Amino acid sequence: LHTALVERLDTTPAIRDAFAAHPRHRFIPDMVWPDATGSPLYRSTDPGRWTRLVYSADAVTIQANDGGPGPRNEPSSSSSAPQVMADMIAAAGVGEGMRVLEIGTGTGWNAAILSTLVGAKGAVTSVEIDPGVAALARERLTGTGVTVHAVAAPPDGEVYDAVIATCAVTRIPSSWTAALRKGGVLVLPWSPHPAAHSTPIAALRHRGGSVSGRFVREGAFMRDRTQRPGDLPFPGLGRQPVPLEPLAVGSVELIGSGMMTPLLLMLPGVRLGTGMRPFQGRPGRIVWMGAGQAWAYLWPDGTVTGGGDRALGEELAEAYRMLREAGLPGVGHFALEAGPDRGSYRVVCEAFDGYWEHAVSS
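Cut-off values and rules
Residues numbered from 1 in each chain as written. Predicted model: local features only at pLDDT ≥ 70, side-chain atom pairs only at ≥ 80, totals over all residues. Heavy atoms only, no water. Helix = DSSP H or I, 4+ residues; strand = E, 2+ residues; numbered from the N terminus. Buried < 20%, exposed > 50% of the residue type's maximum accessible area, 1.4 Å probe, protein only. Polar contact = N/O pair within 3.5 Å; in protein donor to acceptor, adjacent residues only side chain to side chain. Contact = heavy atoms within 4.5 Å. Pairing = 2+ DSSP bridges. Axes fitted to C-alpha atoms, helices over the stretch in contact; angles between N-to-C directions. Salt bridge = Lys/Arg side-chain N within 4 Å of Asp/Glu carboxyl O.

Visitor: Help me understand unusual backbone geometry in this model?
Guide: In terms of backbone geometry, most residues other than glycine have negative phi values and most peptide bonds are trans. Not every positive phi belongs to a glycine, and Asn65 is a case in point at roughly 55°. Relative to the helices and strands, Asn65 resides in the loop between β3 (60-64) and β4 (75-79). Even without being a glycine, Asp66 presents a positive backbone phi close to 55°. One can find Asp66 in the loop between β3 and β4. Owing to a relative accessible area of 34%, Asp66 belongs among the partly exposed residues under this scheme.

Here is the structure:
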């Protein structure tokens, strides 16, 4: 099963060989969380299902709700999807002799693969905010040479050739960039709004006071625990909507177009998501938006309703028009620029020479 997983990876021979050296089942704990609700799955209870989950192409949740109870099993630690891991390692340019910092140890599987790639002349350091998760990963990483720290931030004074974060942020911590040598690469999931479900992955090169680089792929990572948005009300819930200008495309078609992440990057400060439940007696999957007191819903037939002090429907329509005219460019046509103070971010799209400023509260 592990051999089949490795063969499915679309990556370089060196990265594929590093995966081959570390079977995934050796790093996944006995208890995993396969569903959004309900009880965990134990390997000893259903080894067949456990094995199918481990050797699927998907992420495997190893902890929910920070290890506590909850009405839903909100993932708080996981083993990332193998192809996503391979793409992030490739984007960081990890190779022999490099010093690599990983933010978010999780199971330790990614760190083990990194250790094989850097070899005896390199070094891998991994930090994990959850002490229990860190302790288990440290056991599994015995013999790999990986150093695991149960802390929230990188070790002071250490500098690395590459930094790979396995948790998403909106504000890039200064400690991450301080740990990166000039010319080094920081690979991380980023989104302009802290409540966004889409967290596309960017590869940012350290250019002295700033970091910048392209988005390399889609991603959906859990948040850095210091940047969780908390419970936010659903946009416009319980408020009287008014009809707005219709969009040239309906919600179902827009969701299926692959344009949701580019639209998110083009709409500063806007929460953008999808919903399945019936709204106002109208069933169907919708696209919803929220920013402060403003909100808008895009329905399957292209009609738009909403309200508040910002014309979100018009902003969505304009962003979609720009994407259409540019041939619907994907996230690889977008780049992220972060200034020295990390208080504002600029998203640039080369397909139509546009940029958007994202101000981030400290």
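Visitor: For this particular structure, what's the right way to read the side chain of Ser212?
Guide: Following the sequence through the fold, Ser212 ends up in strand β11 (residues 211-217). Side chain to side chain, Ser212 and Arg207 meet in a polar contact 2.8 Å long. Residues in contact with Ser212, not counting those within four places in the same chain, are Ala203, Leu204, Arg205, Arg207, Leu336 and Glu337.

Visitor: Looking at this structure, how should I read the sheet that holds strand β14 (residues 286-291)?
Guide: Note: strands within a sheet are paired through backbone hydrogen bonds, in either parallel or antiparallel orientation. Taken together, 5 strands build an open sheet; the order of strands is β12-β16-β15-β14-β13 and the sheet is antiparallel. The open sheet has two edge strands with one neighbour each: β12 (242-244) and β13 (271-275). Within this sheet the neighbouring strands show an average axis-to-axis angle of 25°, counted without direction. On top of the sheet, helix α10 (residues 312-325) reaches β14, β15 (294-298) and β16 (304-307); it is set at about 55° to β15, its chief contact.

Visitor: Please explain the sheet that holds β11 as it appears in this structure.
Guide: The 10 strands lie next to each other as β7-β6-β5-β8-β9-β10-β11-β17-β18-β19, forming an open sheet whose pairing is mixed. The open sheet has two free edges, formed respectively by β7 (147-149) and β19 (354-359), since each of these has just one partner strand. Sheet twist, expressed as the average angle between the axes of neighbouring strands with direction ignored, equals 20°. Where strand β5 (residues 99-103) lies against strand β6 (residues 123-127), 5 bridges are found, and the strand directions are parallel. Each residue of the ladder has a partner; that of Ile103, found in β6, is Val127.

Visitor: How do you make sense of helix α5 (residues 109-118) when you look at a structure like this?
Guide: An α-helical turn contains 3.6 residues, so any two residues separated by three or four positions project in the same direction. Buried residues dominate α5, accounting for 9 of its 10 residues. Within α5, burial applies to Trp109, Asn110, Ala111, Ala112, Ile113, Leu114, Ser115, Leu117 and Val118. Two residues or fewer after α5 comes Gly119, characterised by a positive phi angle close to 70°.

Visitor: Looking at this structure, how should I read the pattern of salt bridges?
Guide: Proximity of charged atoms lets side chains of opposite charge pair with each other. One pass over the full model with this rule turns up 13 salt bridges. The partner of Asp66 in a salt bridge is Arg228, with the nearest N and O atoms 2.8 Å apart. Here Asp66, found in the loop between β3 and β4, pairs with Arg228, found in the loop between β11 and β12; they are 162 residues apart in sequence, far enough to count as distant. Between Glu158 and Arg99 there is a salt bridge, with its nearest N and O atoms 2.8 Å apart. Highlighted residues: Glu158 in the loop between β7 and β8 (160-165) and Arg99 in strand β5, separated in sequence by 59 residues. Taking the relative accessible area as the measure of exposure, Glu158 reaches 35% and is therefore partly exposed. One connected set of salt bridges, linked through shared partners, spans Asp66, Asp130, Arg225 and Arg228.

Keep in mind that these numbers describe shape and distance, not what the molecule does.
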